[in-house]
Structures are given as C-alpha cells and as structure tokens.
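Now for the letters of each chain:
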Amino acid sequence: MTEVRKEPYLLEVKDLQVSFYTRRGIIRAVRGVHLKMERGETLGIVGESGSGKSVTARAILGLVDLPGAITGGDILWNGESLLHGKGAKARARKVRGKEMAMVFQNPMTSFNPLYTIGSQIREVLKYHLGMNKKQGTERATELLSLVGMSNPKSRVDQYPHEFSGGMRQRAMIAMALASEPKLLIADEPTTALDVTIQAQILELLDDLQSRLGLTTILITHDLAVVAGVCHRVRVMYAGRFLEKGSAEEIFGKPGHPYTVGLLKSTPRLDELVPRLYSIAGSPPDLRLPVTGCTFLPRCEIGEDSCGVTEPLLTGKKGAREVACYRSFEAESVIEAELEAEWEALARADD
Amino acid sequence: MSVTAPPDQLGGPTVDPVVVDSVQGARGRAVKSFLEDIWRDKAATIGLLFLLILVFTAVFAPLIAPYDPAAQSLADRLMPPSWMDGGSTSHLLGTDNLGRDVLSRLIYGGRVSLLVGSAVVAIAGTAGVLAGLFAGYRGGRTDTTIMRIVDTQVAFPGLLLALVILAVVGPSVSTVILVLSLNGWLVYARVTRGAVLSVKQRGYVDAAEMVGAKSTRVVRRHIFPGITAPLITLAVLEFARIILAEAALSFLGLGIQPPQNSWGLDVAIGREYLFNAPWLVIFPGIAISLTVLSANMVASWLRVRTNPLAREKRFAQDTMKHDLGSDGILGSGDAFTDDMYAEETEGAATL
Amino acid sequence: MQTTEPLVKADNLSVKFNVGSTGFWGQEAKWLSAVDNVSLHLDPGEVLGLVGESGSGKTTTGRAILRRVPIASGTVTFKGQDITHVKGEKLRNLRRNMQAVFQDPYDSLNPNQSVLEIIAEPLLVHGLIKNIKEARPEVKEFLDLVGMPTDAVDRYPHAFSGGQRQRIGIARALALKPEFIVADEPVSALDVSIQAQIVNLMQDLRSELNLTYLFIAHDLSVVRHISDRIAIMYAGQLVETSDRTSVYDRPSHPYTQALLSAVPIPDPVVESQRKRLKVVGEVPNLIDPPEGCRFSSRCPYVRDRCLAEAPELREIAPKHEVACHFVEDIPALSLAAMGS
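Engineer: Tell me about the overall build of chain A, and name the residues and values.
Structural biologist: Each helix and strand in chain A was counted, giving twelve helices and twelve strands. In terms of C-alpha radius of gyration, chain A reaches 22 Å, essentially the compact-globule figure of 20 Å for 350 residues. Seen through its C-alpha atoms, chain A measures out along the principal axes to roughly 70 × 55 × 45 Å. Classification of the 350 residues of chain A by burial places 55% in the buried group. Sequence-distant contacts in chain A: of pairs separated by 6 or more residues, those separated by 24 or more amount to 66%. If you sum the accessible surface of chain A, you get close to 15,300 Å²; carbon and sulfur atoms cover 51% of it. Side-chain charges in chain A split into 44 positive and 44 negative, and the spacing between the mean points of these groups amounts to 10 Å.

Engineer: Provide a residue-level description of the sheet that holds strand E10 (residues 212-217) of chain C, including the pertinent values.
Structural biologist: Residues and elements named next belong to chain C. Strand order in the open sheet made by the eight strands is E8-E9-E10-E5-E11-E12-E14-E13, with mixed pairing throughout. Where the open sheet ends on each side, the last strands, each with one partner, are strand E8 (98-101) and strand E13 (314-317). In this sheet, adjacent strand axes meet at a mean angle of 25° when their direction is disregarded. Two strands pair when backbone bridges link them, and strand E12 (residues 237-243) and strand E14 (residues 320-322) are joined in this way by two bridges, in the antiparallel orientation. Paired with Glu240 across the two strands is Val322, which belongs to E14.

Engineer: Any chance you could break down the confidence of the model for chain A for me, citing the residues and the numbers?
Structural biologist: On average, residues of chain A score 86 in pLDDT, and 97% of them reach the 70 mark or higher. Mean pLDDT per element in chain A: helix H3 (residues 107-110) of chain A is the minimum at 70, and strand E9 (residues 232-237) of chain A is the maximum at 93.

Engineer: Can you break down a nonpolar patch on the surface residue by residue, with the values?
Structural biologist: Residues and elements named next belong to chain B. Residues Val55, Phe56, Val59, Phe60, Leu63 and Ile64 make up a contiguous nonpolar surface patch of about 570 Å² in total accessible area. For the nonpolar patch, the secondary structure elements donating two or more residues are helix H2 (42-59) and helix H3 (61-64). A per-element tally of the nonpolar patch places H2 first, with three residues. Within the secondary structure, Val55 sits in helix H2. Residue Val55 is classed as partly exposed on the basis of its relative accessible area of 41%.

Engineer: Residues and numbers for the sheet that holds strand E12 (residues 321-322) of chain A, please.
Structural biologist: Residues and elements named next belong to chain A. Read across the open sheet, the eight strands follow the order E6-E7-E8-E3-E9-E10-E12-E11; overall the sheet is mixed. Strands with a single pairing partner mark the edges of an open sheet, and in this sheet they are strand E6 (100-103) and strand E11 (314-315). Looking at chain direction, E6 and strand E7 (residues 183-187) are connected through four bridges and run parallel. Counterpart to Met100 in the pairing with E7 is Leu183. Packed on one face of the sheet, helix H7 (residues 165-178) meets E6 and E7 and runs near 170° to E6.

Engineer: Account for the interface of chain C and chain A, naming residues and giving values.
Structural biologist: Contact with chain C, which involves 41 residues of that partner, is made by 45 residues of chain A. Counting each side, the surface lost to burial between chain C and chain A is near 3,700 Å², with a carbon and sulfur contribution of 58%. The interface formed by chain C and chain A contains three salt bridges. Note that Lys278 of chain C is salt-bridged to Glu203 of chain A, the shortest N-O span being 3.7 Å. Along the contact surface separating chain C from chain A lie 15 residue pairs in polar contact (both at pLDDT 80 or more). Looking at the side of chain C that touches chain A, the elements that each hand over two or more residues are helix H6 (192-209), helix H7 (220-226), helix H9 (254-262) and helix H10 (268-273) of chain C. Top contributing element to the side of chain C that touches chain A by residue count: H6 of chain C, with nine residues.

Engineer: Go over the pattern of salt bridges, please, and point to the residues and values.
Structural biologist: Residues and elements named next belong to chain B. Throughout the structure, instances matching the rule amount to 48 salt bridges over all chains. Asp96 is the salt-bridge partner of Arg105, the closest N and O atoms lying 3.9 Å from each other. When sorted by exposure, Arg105 lands in the same class as Asp96, which is buried. Each of Asp96, Arg100, Arg105 and Asp266 takes part in salt bridges that share partners, so that together they form one network.

Engineer: Any chance you could break down the side chain of Arg68 of chain C for me, citing the residues and the numbers?
Structural biologist: Of note, Arg68 of chain C is situated in the loop between helix H1 (58-65) and strand E6 (73-78). A distance of 2.6 Å separates a polar atom in the side chain of Arg68 of chain C from a polar atom in the side chain of Asp206 of chain B. Look past the residues within four positions of Arg68 of chain C in its chain and what remains in contact with it is Asp206, Glu209 and Met210 of chain B together with Arg63 and Arg95 of chain C.

Engineer: Tell me about helix H9 (residues 215-251) of chain B, and please be specific about residues and values.
Structural biologist: Two residues of an α-helix separated by three or four positions point the same way, owing to the 3.6 residues in each turn. All names here are of chain B. The terminal C-alpha atoms of H9, which comprises 37 residues, lie only 46 Å apart, well short of the 54 Å expected from a rise of 1.5 Å per residue. Approximately 50° is the largest bend angle found in H9, and it occurs at Phe224, with the proline Pro225 only one to four residues beyond. Taken from the residues just after H9, Gly253 is the one with a positive phi, measuring 85°.

Engineer: If you had to explain the packing of aromatic side chains to someone new, which residues and values would you point to?
Structural biologist: Counted according to the given criterion, the structure contains nine aromatic pairs over all chains. The interplanar angle of 50° and the centroid separation of 5.0 Å between the aromatic rings of Phe56 of chain B and Phe60 of chain B together place this pair among those described as tilted. Phe56 of chain B gets classed as partly exposed once you look at its relative accessible area, which sits at 49%. Ring centres of Tyr234 of chain C and Phe295 of chain C lie 5.0 Å apart, and the angle between their planes is 85°; on these two criteria the pair is classed as edge-to-face. Of this pair, Tyr234 of chain C sits in strand E11 (residues 229-234) while Phe295 of chain C is found in the loop between H10 and helix H11 (304-308), placing the two residues 61 residues apart along the sequence. Grouping residues by exposure puts Tyr234 of chain C and Phe295 of chain C together as buried. Three or more aromatic residues joined by ring pairs make a cluster, and in this case those are Tyr237, Tyr258 and Phe295 of chain A. Above the face of the Phe163 of chain A ring, Arg155 of chain A is positioned so that its terminal group lies 5.0 Å from the ring centre.

Engineer: Could you give an account of the environment of Ala59 of chain A, with specific residues and numbers?
Structural biologist: All names here are of chain A. By the element assignment, Ala59 lies in helix H1 (residues 53-60). For the pair Ala59 and Gly97, spaced 38 residues apart in the sequence, the C-alpha separation amounts to 13 Å. Beyond its immediate stretch of four places on either side in the chain, Ala59 contacts Leu16, Val18, Val64, Ile70, Ile75 and Arg96.

Engineer: Requested: an account of the pairing of E6 of chain C, with residues and values cited.
Structural biologist: Residues and elements named next belong to chain C. Where strand E1 (residues 8-18) meets E6, five bridges bridge the pair, whose relative direction is antiparallel. Across the sheet, the residue bridging to Asp11 is Thr75, located in E6. Bridge count between E6 and strand E7 (residues 81-82): two bridges; the pairing is antiparallel. Each bridged residue has a counterpart across the sheet, and for Thr77 the counterpart in E7 is Asp82. Remark: two residues form the turn of the hairpin made by E6 and E7, two consecutive strands paired antiparallel; Lys79 in that turn has positive phi of roughly 50°.

Engineer: Just give me the short version of the packing of helix H4 (residues 102-138) of chain B against helix H7 (residues 173-200) of chain B, but keep the residues and values in it.
Structural biologist: Residues and elements named next belong to chain B. Remark: H4 packs on H7, axes separated minimally by 5 Å, with the N-to-C direction vectors making an angle of 35°. Taken as a pair, H4 and H7 cross one another with a handedness that is right-handed. Class assignment for the residues of the contact of H4 with H7 results in 22 nonpolar, seven polar and two charged.

How each quantity is defined
The numbers attached to residues start from 1 for each chain and follow its sequence in the written order. The naming scheme follows written order: chains are lettered A onward, ligands numbered 1 onward. In keeping with the model being predicted, local features are shown solely for residues with a pLDDT of at least 70 and side-chain atom pairs are shown and tallied solely at 80 or more, while totals for entire chains, interfaces and linings include all residues. As a convention, hydrogens and water are excluded, and side-chain values are obtained from all of the structure's heavy atoms. Numbering of helices and strands starts at the N terminus; helices are DSSP runs of H or I of at least 4 residues and strands are runs of E of at least 2. The quantity called the radius of gyration is restricted to C-alpha atoms. Its globule counterpart is 2.2 Å times the number of residues to the power 0.38. Buried residues are those whose accessible area, probed at 1.4 Å on protein chains only, stays under 20% of the maximum for their type, while exposed residues exceed 50% and partly exposed ones sit between those limits. Between two residues, a contact is recorded if the distance between any of their heavy atoms is within 4.5 Å. The method behind every accessible area is Shrake-Rupley, applied with a 1.4 Å probe, and residues are considered shielded solely by the protein chains displayed. A positive count includes Lys and Arg, and a negative count includes Asp and Glu. His and the chain ends are not counted in either. Note that the charge is assigned to NZ on lysines, CZ on arginines, CG on aspartates and CD on glutamates. When DSSP locates at least two bridges between a pair of strands, those strands are taken to pair. In this analysis, axes come from line fits to C-alpha atoms, helices being fitted only over the stretch in contact, and the angle between any two N-to-C directions falls in the range 0 to 180 degrees. Confidence of the predictor at the level of single residues is captured by pLDDT, which takes values from 0 to 100. Patches in this entry comprise residues that are over 30% relatively accessible and not in a salt bridge; like charges within 9 Å are linked, as are nonpolar side chains (Val, Leu, Ile, Met, Phe, Trp, Tyr) within 5 Å. Salt bridge, as used here, is a side-chain nitrogen of Lys or Arg placed within 4 Å of a carboxyl oxygen of Asp or Glu. Two parts placed together each lose some accessible area under a 1.4 Å probe, and the buried area is that loss summed for both. Side-chain atoms alone can form a polar contact between residues adjacent in sequence; in general such a contact is a pair of N or O atoms within 3.5 Å, and within protein one must be able to donate a hydrogen while the other accepts it. One less than the number of residues in a helix, times 1.5 Å, gives the span that helix is expected to have. Given a residue, its bend is the angle between the two axes fitted to the seven residues that end at it and to the seven that start from it. Any two of the Phe, Tyr and Trp rings considered here, Trp counted by its six-membered ring, make a pair once their centres fall within 6.5 Å; the pair's planes then place it as stacked at under 30 degrees, edge-to-face at over 60, or tilted in between. Remark: a charge is flagged as sitting over a ring if the NZ atom of Lys or the CZ atom of Arg is within 6 Å of the ring centre and within 35 degrees of the ring normal. Crossing handedness: left-handed means the near helix sits turned counterclockwise from the far one by under a right angle, and right-handed means the same turn made clockwise. Amino acids outside the nonpolar list (Ala, Val, Leu, Ile, Met, Phe, Trp, Tyr, Cys, Pro) and the charged list (Asp, Glu, Lys, Arg) are all regarded as polar, and Gly is one of them.

This is how it looks when you write it as structure tokens:
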C-alpha cells in the first residue's frame with residue numbers, strides 16, 4: 001500500500017454478481033463488476049443490450065427483482081455495505097431513493113398518470129425532506145425551472161400526459177433531484193427521445209452535474225453520447241467490463257478489439273466510408289459456462305490461447321485497463337482489413 | 001392455437017432432428033410441462049381434479065348412479081344421509097320428499113349443469129368472440145355498430161330479458177341455454193375486441209397485411225392465436241358463472257323442469273324441508289359451490305400460467321430456494337419496476 | 001439518368017388522421033395533418049433516405065406510398081401507373097412489387113409462426129405455392145441470401161437475436177421479389193454492432209437484386225451510408241432535399257443544421273470543438289399547425305415573413321432544394337467547421 005485513502009469512495013461496487021433464474025436456464029447477467037465512484041465525476045458505461053449495464057445500475061439501486069437476484073459481491077456507500085452485515089437493510093433503504101436516484105429510459109411509465117407532476121414531486125419532498133405542501137410546491141416549482149422548464153408555475157399543476165417526451169424526461173430528472181441525491185444514475189435517458197431533444201437533455205445533465213456537483217453514472221448503448229458527456233468510460237460486454245479509461249483515451253486509442261469494433265461499426269456523421277465495419281456474430285449466451293474470453297468467437301485477433309482463461313482488466317491501476325491478452329493490437333489489424341475491403345470495392349466499381 | 005408447431009412442418013425427411021423433435025416428443029413435453037406447472041398450484045390441481053371427476057360422473061351417470069334419479073319410493077321419503085341417525089347405506093346421501101336418491105339426483109343434476117355450462121360457453125363464446133374479432137379488426141363503423149349493440153344490451157337488465165323469453169317460449173333445457181347465451185356473448189365480445197385492438201397494433205399483423213394476406217387469414221393466423229390466453233381464462237370463469245345462473249333460474253322455477261333435475265331445482269325443492277331435512281339443500285348447494293370454486297381456482301392458475309412474467313417469478317423463487325437457500329439472495333428488494341408493474345396490472349385489467 | 005422514368009413518385013401527397021374523441025356514435029372529426037404536400041421520387045435502383053424526428057411524418061409518408069394509410073390528397077405513381085386509388089385485388093397484386101422492412105424485429109415476426117411459415121406466407125397468400133411445405137427449398141435460399149443458416153427454417157422467432165430476426169424480416173420482404181422496398185427505421189432498434197451488419201446486408205442486396213429503397217430513419221449518420229439522395233422532413237413537410245453529400249457539406253435549412261448539430265460524434269475531441277446550432281422547444285402541434293413556416297417556433301433566424309407565409313421548396317444549387325424564405329441569409333454550418 002503506497003497510499004492510504006482517508007475518505008471512502010462515495011460508491012464502491014465489489015465483484016457484483018447478478019443472475020436471472022429463468023425457465024430456460026440461469027442467466028449470469030453480471031459476472032463480477034468492480035466500480036469506484038469519486039465524488040463529482042461522470043462515468044459512462046457503454047454496452048449493447050444484454051451486456052448487463054442496466055442490471056448493474058438496478059442492482060446498485062436495489063431494483064433487481066425476481067426472476068433476478070444479486071448472488072454475490074458487495075455494494076458500499078461511503079464505505080458501508082448496503083448488502084451485508086448488521087443494519088445493512090435499513091441503511092440501504094435510507095440511501096436508495098434519497099442519496100441515489102435514477103432516471104429511466106421511458107419517462108411515461110415512471111409517472112403515475114392520475115396525479116399532477118407537482119404532487120408527485122411533492123410526495124418525494126415530503127417523504128425524504130419532510131416538507132409540507134406549501135414548501136413542497138415551492139420547491140417543486142424551483143426544481144422544474146432548474147431542469148429548464150419554461151413556465152414552471154403552471155407546469156407544476158399539469159398531468160404527465162400534458163407533457164411532451166422531452167418535457168417528461170426533464171420532469172423525471174427534476175423528480176430524481178428532489179431528494180437532493182449525491183449520485184444520479186441515468187439509464188439510457190435519451191434513447192427514447194429525438195436527437196434534437198437528446199442534445200437538450202444531455203446538455204442539461206452536463207449542466208446539472210457541474211452546478212450541483214452531482215456524481216453521475218450514464219448508462220447507454222451509444223458511444224457517441226458518452227463521448228460528449230463523460231470523463232471516464234467503461235465498456236461492458238457479457239456481464240463484465242472489458243475496458244476502462246478516460247473518454248479521450250478510449251476514443252483516441254481503443255485497447256480492446258470489441259471497443260475498436262464498436263467504434264468502427266458506428267457510422268460517423270463527419271466521414272463517409274465505402275462500407276461499414278461490422279462485428280460478426282452476436283454476444284454469447286450467458287446461460288452457458290464461460291471459458292476464456294467472451295469476445296473470442298467474434299474477435300479479429302483472437303488466438304486459441306484466448307479461449308483458456310477469461311482475461312481480466314489489466315493495465316495501470318485506476319486509469320487505463322483492458323481485459324485482453326492482445327490489447328491495443330486490434331485497431332491496426334482492423335483498419336488494414338477495412339482498407340483492403342474498400343479498395344476491392346472501388347476496383348469492383350470501375 | 002397451441003404453442004407446439006402445426007403438424008405440417010413437423011416430421012418430414014429434411015427435418016433436422018436436433019432442431020425439431022418428433023410430434024410425440026413435442027406433445028409429450030407440452031403435456032408434461034402442463035402437469036408439472038399445475039402441480040405447483042395445489043388449489044388449481046384440486047379444482048381441476050374435481051372438475052374432471054364431475055365430467056366423468058356426468059358422462060357415465062347411468063353406470064355410476066345407484067338409482068334412477070326420478071324413481072320415487074314413498075316408503076323411504078326424507079331418509080337422512082347414511083352417517084346420521086336413521087340413515088341407511090342404501091341411500092348414501094339420503095332421499096328427498098318423494099323418496100328419490102339424493103346422490104343419484106346429484107350425479108344426474110351435474111349432467112344438466114355441465115351441459116348448460118358448456119353449451120352456453122360454446123355458443124356465447126363463439127358468437128361473442130366472432131363479434132369481438134369483427135368489431136376490433138374492422139374498426140370504424142362496424143366497430144361502432146357492434147359495440148353499441150353490446151352497450152345497449154348490457155344496459156338492459158339480463159334477468160328481465162330472461163324472464164320475458166322464458167315466459168313466452170316456456171322453460172326447458174334448450175331455452176335456458178338460449179337465454180343464458182343471449183346474455184353471455186356480451187362479455188366475450190368486449191374482451192375479444194379489447195384484445196384484438198392491442199394485438200392489431202403488433203408489427204407482425206402489419207407485416208401480414210403488407211405481404212398481401214387477406215383479412216380472414218390475418219385474423220385467423222395472426223390475431224386469433226394472440227388472444228386465446230385471456231379468452232380461455234374468461235371461458236372458465238364464465239362457465240362457473242353460467243352454472244350459478246342456471247341454478248338461479250331453476251331455483252326460481254324458470255329453468256329446468258321436472259322430471260328433469262338440476263342442482264338449482266333440487267335446492268328449490270329442498271327449501272321447503274330446510275329444517276327437518278337440511279341435506280336436501282346442503283348437498284346440491286355444496287355441489288354448486290365446489291364446482292364454481294374449482295373453476296375459479298383453475299382460472300386463476302391459468303391467468304398466472306399465461307402471464308410470462310408471473311411465471312418466471314414463481315419459477316425463480318422455486319429454483320433459488322432449492323439452489324441457494326434463502327440466504328443466497330442478497331438485497332433483492334420488493335421494489336417493483338415500472339414495466340413489471342404495468343405488465344402485472346395489464347394482465348389483471350383484461351380479465 | 002434524366003430520361004429514366006422514376007419507379008416511384010409521390011406528388012403533393014397529404015395524409016390526415018382523425019384524432020377526434022370517440023362519442024356514442026363514433027368519432028367527432030378533428031384532423032391531424034401528418035403529411036402535408038410532400039413530393040418525392042425514386043429512380044430505379046436508387047436509395048432515398050427520408051430523415052426526420054418523431055412527428056415529422058416520415059413513417060406516414062412511407063406508409064402512404066405503400067398505400068397503407070388513406071391518402072387525403074395528392075397522387076402516388078408506381079412505374080408510371082397511378083396507384084393512389086387502387087383497391088382490392090389490384091392493391092393486393094401491387095404488394096408483389098412493393099414491400100416493407102419494419103423497425104422492431106421483436107414485434108414484426110409472429111411468435112407463433114416458424115421461420116418457414118413467416119417467409120413462405122407472402123408466396124402462399126399470392127397463390128405462388130399451394131402449401132407451406134412446397135416452399136421449403138425456396139425459403140432456404142432466401143435464408144442463405146440474407147446470411148442466415150438454412151437450418152433456421154424450422155425454428156421459431158424467439159430462438160433468434162434482434163439482428164437475426166431483422167434478417168428474417170428482410171427475407172420475408174424479398175420473398176415476392178419486389179423492386180421497391182420501404183425500410184422504416186430498419187436498424188434503429190438494433191445494437192450498434194448489429195446495425196452495421198444489417199446496413200451492409202441491405203447494401204449488398206440492393207446491388208445484387210437491383211432494389212430501390214426508401215430508407216426511413218431518424219439517424220443522419222446511418223442514412224448517409226446507404227442513401228444516394230437525402231430528404232429531410234419536419235412536422236409533415238419536406239424542408240431540404242439533396243444528394244448524399246450536399247446536405248452534410250452545406251446544410252442549408254436551419255432545421256437541418258440543428259439536426260446535424262445534435263447528432264453526437266463518437267470522438268470527444270471533435271465533440272468539444274464542434275460548432276453547433278442549438279434550438280429549443282419541440283415539434284408544433286399538427287392538429288392546428290402554425291400558419292407560416294412550421295419550424296418558425298424554434299428557428300433562431302425567424303423573421304416576420306416566416307410567421308405569415310409557408311416557404312416552398314426551391315432549388316439553391318443543382319439537385320439541392322430548401323424550403324426556407326431566407327436560406328441565402330442563414331450562416332453556413334458545414335461539417336468541416338464542426339472540427340476534425
């Protein structure tokens with residue numbers, strides 16, 4: 001130990017395991033996730049559907065429900081476990097909902113259609129901060145204007161269905177902020193929104209983060225969304241992190257073949273290529289036991305030896321880590337391959 | 001439409017045996033999974049068993065019943081059940097005011113109840129489902145017209161309509177079936193229409209129309225298979241309701257007429273002897289309640305079985321208890337996610 | 001090129017939906033103008049990318065061209081034949097030449113049908129085969145064509161991933177050997193790594209089978225890769241059309257500029273240096289649309305004339321049309337200036 005931390009991390013996730021017990025088999029959705037959140041940072045978790053990114057978030061918030069269950073690991077809040085030991089349950093109840101809040105993908109289902117937005121935010125204020133009706137209404141109005149809603153005084157008395165998609169997402173962020181949380185987890189907050197509205201919401205999240213000093217976890221399938229907003233990025237695949245680093249590092253010099261593949265297969269607005277790169281195949285079936293690297297069947301540079309033991313994140317601790325035996329070798333290989341393909345296409349056209 | 005594949009693509013020489021099992025294999029597995037599933041719900045198992053016994057005794061009534069249900073024996077009138085003072089083993093459940101064997105009357109009465117129940121479910125179900133499919137799929141004016149007829153009839157007291165018809169036509173088994181069917185199709189029409197409206201939104205229905213399938217094919221192959229689950233549950237519940245309604249009509253003297261007998265009619269006859277021969281009311285009463293209860297148990301199991309989420313939850317609970325013991329589950333809150341909540345309530349609302 | 005007749009043509013197409021509330025005797029009329037006066041054409045073998053956000057009317061335009069929604073006014077022409085009012089058996093026959101690929105592969109395949117039934121259904125309903133079994137060899141060929149293993153033929157949709165399901169959906173659309181396919185957001189429900197697979201497949205099929213696509217999407221970056229020309233819609237109207245490069249090099253309508261600005265680029269360096277045109281607000285209510293330009297409520301360059309008079313598409317450069325009164329005065333926002 002070279003350095004002893006005085007202050008515990010705001011949130012620490014240790015070897016988190018989440019499984020789903022379905023009739024078709026046990027799906028090991030999260031297989032050992034480690035995470036440390038410093039106060040005030042924004043972390044982006046990128047992954048495709050089934051990668052376990054949303055399940056991780058739900059597990060942190062205690063929202064994993066049957067048929068799923070946390071089967072191992074620990075979640076620490078300010079150094080205290082929310083899962084194990086005496087008083088963990090009571091602590092978890094206090095922390096979840098108040099100190100951490102979540103913004104979901106679909107804002108429509110997160111509101112009760114029968115109550116006004118104001119009264120739903122008031123409910124949170126009453127429960128967590130003990131505010132009375134008058135204080136609650138005042139604060140709800142403040143919150144709505146904080147998330148950039150015009151005319152918050154009249155918006156407070158409106159029902160969810162009177163809000164457009166973007167407005168609802170703003171209202172949901174306002175509600176998440178009502179309990180004055182320290183950690184905000186946003187699970188695909190813009191996926192259901194149009195791109196111009198997405199830009200507005202991302203800007204709002206960015207703005208709130210710097211103004212309120214919020215610690216934020218942004219979960220998304222869209223690499224491009226992460227690029228603009230997050231300091232640190234983790235790439236998740238088949239229930240584990242494959243790569244972590246700063247946004248500049250990951251986008252500038254991706255280390256894992258999967259990250260390279262994702263970047264190359266995402267069409268970019270600012271460049272036109274003759275043909276997109278595509279990662280062959282599909283993600284592994286997590287009901288089956290894992291032997292070796294989970295990405296091996298789709299990997300361009302995989303070798304037989306990769307199939308023996310699963311690679312772990314290695315690299316400079318706390319900064320750039322890649323879970324690959326041949327890290328940083330994929331980019332040049334894939335680029336050369338693509339160029340050859342483009343040339344062949346050009347020749348065929350002539 | 002069952003989940004197992006229709007026979008035309010099963011078998012055949014080119015079929016990969018790993019991908020598709022033989023017909024027997026697939027069916028066998030379906031039956032096994034059905035049995036395993038209902039076994040977990042003990043109440044439904046008992047309910048289903050009771051209904052099966054009922055069907056069996058109704059079908060083989062002449063072989064099982066010890067006496068002719070109409071055979072009078074004035075010497076043996078109002079004999080109590082065998083375990084009571086003055087009872088005899090020759091009449092297990094005693095006899096009625098005309099000396100007829102109560103057990104035999106129960107067995108034959110069940111015949112009528114089941115006949116009326118299943119005939120009404122079949123007739124009203126078919127009519128209602130067809131009307132609902134038509135209204136829901138065609139939409140527009142067809143929908144408006146059919147649903148206004150339904151609304152209007154719902155607003156009209158069903159019992160009054162039944163009384164009028166029975167008074168005009170005269171009571172008999174077939175009139176009872178007719179009257180109850182006239183009243184019963186409404187709920188099928190409404191449930192079907194609602195289900196069709198939601199299945200119609202599905203992309204695969206759009207796709208079928210897009211490739212040029214005619215509307216009969218779209219309804220038969222794409223819409224109907226998607227709505228059978230709630231309809232089966234509804235039919236079982238309706239079956240129970242019809243049995244009660246038939247009993248009520250017979251009790252009022254407007255249903256089954258002597259010499260035929262039914263449980264409701266027996267209750268009506270026994271009413272006059274309620275204090276000195278309570279078994280005349282109790283046994284047919286129990287038969288009615290048990291049948292209705294059984295049908296409801298089966299229906300509530302069916303509802304869970306056809307709700308994938310509820311099914312998965314129950315399965316997970318069982319496996320985890322088995323695999324891990326309850327200590328293995330960490331921090332699993334009772335928090336319901338929104339989607340799950342929506343799914344659960346949606347399931348409940350349609351029924 | 002100039003002399004070829006367009007395969008598909010829509011002229012002044014308008015679609016209105018009745019969104020009135022339901023009373024005892026049916027609906028009170030209240031019209032939502034989903035598509036307003038849209039004209040476009042597709043030459044044989046061409047891919048037109050139709051881009052817009054939700055409520056832009058892009059999907060409805062596609063469905064109107066396929067004759068899947070009632071057309072309020074305007075005409076649709078297919079191979080020189082007016083199909084605006086074609087009905088019944090004739091409309092059914094039209095399906096053999098125009099098909100659709102749908103957005104959500106989890107929703108567009110019937111879970112109760114095997115892959116064989118799904119792909120053979122178009123053949124069966126058009127009487128090209130007598131029974132499903134007969135189609136087995138042909139269905140296997142189609143599976144092969146879309147890059148699926150042929151043993152998928154007897155399996156059911158739940159056994160497949162999103163990308164594989166979309167391939168099955170494409171095979172179904174190809175079964176009748178149509179010339180024209182409307183692909184409505186065919187990749188937006190798929191994962192990034194799968195999107196590229198499907199886009200590449202559609203490109204291959206296009207050159208192999210000489211298909212014409214109307215490719216509907218909200219994602220400008222995906223559309224760019226597959227389209228020859230781009231048409232951008234906003235609130236039921238076309239605001240800008242051009243070939244695949246002009247819209248990106250010289251986006252001219254303020255909405256196009258805003259749309260391009262909002263698309264994130266997976267590169268933190270580019271992201272931080274980009275010039276952006278930010279707009280506030282959302283799409284106007286189309287039950288009672290604004291009188292002038294429909295973008296006027298969000299446009300940063302709005303002037304009096306925009307509120308009074310609706311702009312028409314006019315050519316600002318060869319094959320580049322923009323519907324804006326003051327397009328010449330709008331500051332340029334090119335992708336080159338966005339960084340890199």
